[in-house]
Amino acid sequence: MTKPEFIPYKHTRHASDDEMLNRSKTFYDIMNTRRTIRQFSDQVVPRKIVEHCLMTAGTAPSGANQQPWKFVVVSDSKAKAQIRASAEKEEQEFYSHRASDEWLDSISHLGTNASKPFLETAPILIVVFEEKYGLDEVGNKSKRYYPTESVGLATGLLITALHHAGLASLTHTPSPMAFLNNVLDVPINYKPFLILVAGHPAPDMTVPNIKRKTLSEIAEFR
Ligand code: IYR
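Definitions and limits used
- Residues numbered from 1 in each chain as written.
- Predicted model: local features only at pLDDT ≥ 70, side-chain atom pairs only at ≥ 80, totals over all residues.
- Heavy atoms only, no water.
- Salt bridge = Lys/Arg side-chain N within 4 Å of Asp/Glu carboxyl O.
- Helix = DSSP H or I, 4+ residues; strand = E, 2+ residues; numbered from the N terminus.
- Buried < 20%, exposed > 50% of the residue type's maximum accessible area, 1.4 Å probe, protein only.
- Phe/Tyr/Trp six-rings, centres within 6.5 Å; stacked < 30°, edge-to-face > 60°.
- Lys NZ or Arg CZ within 6 Å of the ring centre and 35° of its normal.
- Pairing = 2+ DSSP bridges.
- Axes fitted to C-alpha atoms, helices over the stretch in contact; angles between N-to-C directions.
- Near = heavy atom within 4 Å.
- Polar contact = N/O pair within 3.5 Å; in protein donor to acceptor, adjacent residues only side chain to side chain.
- Areas by Shrake-Rupley, 256 points an atom, 1.4 Å probe, with all protein chains shown as cover.
- 1 Å grid on protein atoms, 1.4 Å probe; cavity = no way out; pocket = protein on both sides within 12 Å on 5 of 7 lines; lining within 4 Å.
- Sits in = over half its atoms within 2 Å of the grid points.
- Points joined across faces, edges and corners; volume = space filled by probe spheres on them.
- Nonpolar A, V, L, I, M, F, W, Y, C, P; charged D, E, K, R; others polar.

Trainee: How would you explain the pattern of salt bridges if you had to name every residue and give the values?
Mentor: A complete count under the given rule lists 11 salt bridges for this structure. Across the salt bridge formed by R47 and E51, the nearest N and O atoms sit 2.8 Å from each other. In this pair, R47 and E51 both sit in helix α2 (residues 47–57), 4 residues apart, roughly one turn of the helix. According to the relative accessible area criterion, E51 is partly exposed, its value standing at 24%. For E130, the salt bridge identified is with K132, shortest N-O distance 3.0 Å.

Trainee: So what's going on with the packing of aromatic side chains? Which residues, and what values?
Mentor: According to the stated counting rule, one finds 2 aromatic pairs in the structure shown. Between F94 and Y95, the aromatic rings sit 5.0 Å apart at their centres with planes inclined by 85°, giving edge-to-face as the arrangement. Using a relative accessible area of 9% as the deciding quantity, one classes F94 as buried. Centre to centre, the rings of F94 and W103 are 4.8 Å apart; their planes meet at 85°, and the pair counts as edge-to-face. Here W103 falls in the partly exposed class, since its relative accessible area comes to 47%. Above the ring of Y190, the side-chain terminus of K70 is found at 4.7 Å from the ring centroid.

Trainee: Can you tell me about the sheet that holds strand β5 (residues 168–172), naming the residues and giving the values?
Mentor: Spatial ordering of the open sheet is given by β1-β2-β6-β5, a layout of 4 strands whose pairing is antiparallel. Bordering the open sheet on either side are β1 (69–74) and β5, each of which pairs with just one other strand. With direction set aside, neighbouring strand axes in the sheet form an average angle of 25°. Pairing geometry for β5 and strand β6 (residues 190–199), over 5 bridges, is antiparallel. Paired with H172 across the strands is I195, a residue of β6.

Trainee: Which residues make up the site of the ligand, and what values do they have?
Mentor: Contacts to the ligand come from R38, E91, F94, Y95, W103, I107, L110, T112, N113, K116, H172 and T173. Within the side chain of Y95, a nitrogen or oxygen atom sits 2.5 Å from an oxygen atom of the ligand. Across the complex, the protein chains shield 73% of the 380 Å² of accessible surface that the ligand would expose by itself. Here the ligand is seated within the largest pocket. At the level of secondary structure, the elements contributing two or more residues to the shell around the ligand comprise α3 (77–98) and α4 (101–107).

Trainee: Quick rundown of the pairing of strand β2 (residues 124–131)? Include the residues and the values.
Mentor: Within β2, 8 of the 8 residues are buried, which leaves the element mostly enclosed by the surrounding structure. Burial of β2 is two-sided: the residues I124, I126, V128 and E130 facing one way and the residues L125, V127, F129 and E131 facing the other way are all buried. Pairing geometry for β1 and β2, over 6 bridges, is antiparallel. Pairing of W69 across the sheet is with E130, part of β2. Bridge analysis of β2 against β6 gives 8 bridges, and the strand direction is antiparallel. Bridge assignment links E130 to a residue of β6, and that residue is K191.

Trainee: How would you sum up the layout of surface pockets? Please name residues and give values.
Mentor: Counted as a void, the largest pocket has a volume near 290 Å³. Around the largest pocket, the lining is made up of 15 residues, and of these E91, Y95, I107, H172 and T173 lie nearest the centre. Those elements that place two or more of their residues in the lining of the largest pocket are α3, α4 and β5. Across the lining of the largest pocket, the residue classes tally to 7 nonpolar, 5 polar and 3 charged.

Trainee: How would you summarise unusual backbone geometry if you had to cite specific residues and measurements?
Mentor: Look at the link from S175 to P176: it is a cis peptide, with omega at -5°. Of note, P176 is situated in the loop between β5 and α7 (179–184). A positive phi angle, near 60°, is found at D204, a position not held by glycine. With respect to the helices and strands, the residue D204 is situated in the loop between β6 and α8 (215–218). Its relative accessible area of 77% is what places D204 among the exposed residues.

Note that all results are geometric; they support no functional claim without further evidence.
Here's what the structure looks like:
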């Protein structure tokens, strides 16, 4: 067992209540303009911006600080075309057989279908993987704690960072997603979590007219 080592922590974000009130409202106003979009322009995104957003994702808390995430950023057109073809195959199955009527009914207001052109149009697909267990060179496995929760937290930060930077995104989950391990040559101890499609919105694109729940619907103060 490793002996714990502690170092001083500087809480540099400390501020007065007034300043924090200001910041919290300003940040909410920024985040409240985030929408999931499904039509992307092909405008290229500078790599450095994406790197900063990924570094932000990497600041997420994680079980036992194992940081059980891997982000594969795909901008190569051939790889994107391969991902689109495989995803659409799964989505065809989903929309025509796999999904229950109840499920299809629940997503009908989003106007989605099996066609996923954005997987080729968008400049980048960030494929998020969850490290389900550690795997060393000789095949020994080691346990990961709360990997799904941890990757969910990192993905939330990634979506926030992209939006804050000025980029739009779409959380896309073709199901099942195992084809991503093959296409991207990622070892099997990493399970695809989702594809985060990112870039700029297509001009004149529209989004479904949906509402967020109110504060009193999502939170209770006791
Ligand atoms: N993965 C499919 C279906 C889908 C499922 C949910 I839950 C959504 O919120 C939206 C779509 C697709 O991407 O079309």
